[in-house]
Amino acid sequence: MSANDSPRAPQTTTHDSAFLRACRREPVPHTPVWFMRQAGRSLPEYLKVREGIPMLESCMRPELVTEITLQPVRRHKVDAAIYFSDIVVPLKAIGIDLDIKPGVGPVVADPVRTRADLDRLRDLTPEDVHYVTEAIGMLTAELGATPLIGFAGAPFTLASYLVEGGPSRNHEHTKALMYGDPQLWADLLDRLAEITSAFLKVQIEAGASAVQLFDSWVGALAPADYRRSVMPASAKVFDAVAGYGVPRIHFGVGTGELLGLMGEAGADVVGVDWRVPLDEAARRVGPGRALQGNLDPAVLFSTPEAVRAKTREVLDAAAGLDGHIFNLGHGVLPTTDPDALTRLVADVHEQTAR
Ligand code: 1CP
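Reading the values: the criteria
Residues numbered from 1 in each chain as written. Predicted model: local features only at pLDDT ≥ 70, side-chain atom pairs only at ≥ 80, totals over all residues. Heavy atoms only, no water. Core = buried A, V, L, I, M, F, W, Y, C linked by side-chain atoms within 4.5 Å. Buried < 20%, exposed > 50% of the residue type's maximum accessible area, 1.4 Å probe, protein only. Helix = DSSP H or I, 4+ residues; strand = E, 2+ residues; numbered from the N terminus. 1 Å grid on protein atoms, 1.4 Å probe; cavity = no way out; pocket = protein on both sides within 12 Å on 5 of 7 lines; lining within 4 Å. Points joined across faces, edges and corners; volume = space filled by probe spheres on them. Nonpolar A, V, L, I, M, F, W, Y, C, P; charged D, E, K, R; others polar. Expected span 1.5 Å × (residues − 1). Arc of directions from axis to C-beta. Axes fitted to C-alpha atoms, helices over the stretch in contact; angles between N-to-C directions. Parallel < 35°, antiparallel > 145°, perpendicular 65-115°, else oblique. Left-handed = near helix turned anticlockwise from the far one by under 90°. Contact = heavy atoms within 4.5 Å. Pairing = 2+ DSSP bridges. Right-handed = clockwise from strand over helix to strand, strands pointing away.

A. Representation of the nonpolar core in the model. Core analysis: the largest hydrophobic core is formed by 124 residues, its most contacted members being Phe19, Leu121 and Leu188. By residue number, the principal contributor to this core is helix 10 (residues 182–206), which donates 13 residues.

What follows is the structure, given as structure tokens:
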């Protein structure tokens, strides 16, 4: 079966898909579902095709990217595909010396901490990421009516990896720079906003039907610091791609206190982690935005009955929303049973069929 002849197939075009309709806050035949980090992670078919190929290299092989992106669509019948890549791919593409270390994450050889370091962050051109354009061309041909979500890391989250040199719990070097040299920090985030905007444009022009900005670690900030030191750069990215008319999704973890500001930053859809119920999140985000979320990914380790009950809670909290895309509150955890994800998609579709 190809990715697009889903059993529930009254959708005939990508534009009319449940996912894009929900992003636009239009009526839907069922609540659409996809999962952050659905591509890769736990799937045995993913581990098989990745065998012996380093992560960053796999992101540069269009056939492999196409296969990995399609795997969860085939298996789980999710309502959208997410392009297989990583948030550090555009940084690698402009020549930053970094690697993705198994079991660790992105590691940057020479952290970016001075004004001279900023010069290493040159503009991204479409030629730098020609493999992305090729892979998206192949993917949209295979996906039929199933939308493809492109993505990028948000300026703050990218800055955190660049300044720390790798994954960080407390973001101490990042915050030291943000508070200690506000002008250098602002210039760094502005550069990253330009690179991120260019990377999202490549994906949209190649055929992505929506884009998500991952600001995974921005929940480490207080609202006043977010507003002053981060929001302008994220808003610049949303502005840069506004003209394409594709939905823009904005996601972070631990962002309960930031949801109002994230609503203001300009996205069409705000992603919510599991800590804030969606009805309360809607009050914080304000009108005119769809919401995406927010089942705790750890719930999937519980019994099928418990998963169903927690799913019902999410759907009940979302009942009055103007636009809901079902997702987890953060990415699929690496040891998640793939069957639990397949059951979850079927359950949400069944419970919300209109
Ligand atoms: O969603 C998908 O299925 C597409 C694939 C995808 C996405 C959207 C990958 C593949 N990475 C990402 C985004 C990403 N990368 C984010 C934002 C999403 C999130 O919060 O989960 C972040 C923070 C990263 C950085 C990163 N890359 C980490 C986290 C490290 C940390 O700071 O804790 C890790 C472990 C990676 C490596 C990575 N990215 C993707 C895969 C499949 C892997 C593992 C590869 C390997 O080790 O071989």
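Now, onward.
B. How the structure looks around empty space enclosed by the protein. Scanning all chains against the criterion turns up one cavity of 30 Å³ or more. Each pocket or cavity is described by its volume, and for the largest cavity that value is around 30 Å³. If you trace the largest cavity, you find it lined by Val112, Arg113, Thr114, Leu118, Leu177, Leu184 and Leu188. Residues that form the lining of the largest cavity fall into these classes: five nonpolar, one polar and one charged.

C. Structural context of helix 15 (residues 304–318). The end-to-end C-alpha distance of helix 15, which contains 15 residues, comes to 21 Å, matching closely the 21 Å that a straight helix rising 1.5 Å per residue would cover. When we look at burial in helix 15, the residues that qualify are Val307, Thr311, Val314, Leu315, Ala317 and Ala318. The arc that holds the buried residues of helix 15, viewed along the axis, is 160 degrees, so those residues lie on one side.

D. Main features of the packing of helix 10 against helix 12 (residues 231–240). The contact between helix 10 and helix 12 brings their axes to 9 Å, and the two run at 25 degrees. The angle between the axes of helix 10 and helix 12 places the two elements in the roughly parallel class. Between helix 10 and helix 12 lies a crossing of right-handed hand. For the pair formed by helix 10 and helix 12, the contact residues are Leu189, Asp190, Ala193, Glu194, Thr196, Ser197, Leu200 and Lys201 on the first element and Ala233, Lys236, Val237 and Ala240 on the second. For the contact of helix 10 with helix 12, the class distribution of residues is six nonpolar, two polar and four charged.

E. Region of the structure containing the pairing of strand 8 (residues 290–295). A large share of strand 8 lies buried, amounting to six of its six residues. Of the strand pairs in this sheet, strand 7 (residues 269–271) and strand 8 are connected by three bridges, and their pairing is parallel. Residue pairing for strand 8: Val269 is matched across the bridge by Ala290. Once you follow strand 7 into helix 14 (residues 278–285) and on to strand 8, the crossover reads as right-handed.

F. Expanded view of the layout of surface pockets. Here the largest pocket is characterised by a volume of approximately 1,100 Å³. Counting only elements with at least two residues in the lining of the largest pocket, the list comes to helix 2 (44–50), strand 2 (98–101), strand 3 (105–108) and helix 8 (155–164). At three residues, the largest contribution of residues to the lining of the largest pocket is made by helix 2. Looking at the lining of the largest pocket residue by residue, the class counts come to 22 nonpolar, 11 polar and five charged. Taken as a whole, the second largest pocket encloses approximately 240 Å³ of empty space. Lining the second largest pocket are 15 residues, with Thr31, Ala318, Ala319, His324 and Arg354 positioned closest to its centre. Where the lining of the second largest pocket is concerned, the elements lending two or more residues are helix 15 and helix 16 (338–352). With three residues, the single largest contributor to the lining of the second largest pocket is helix 15.

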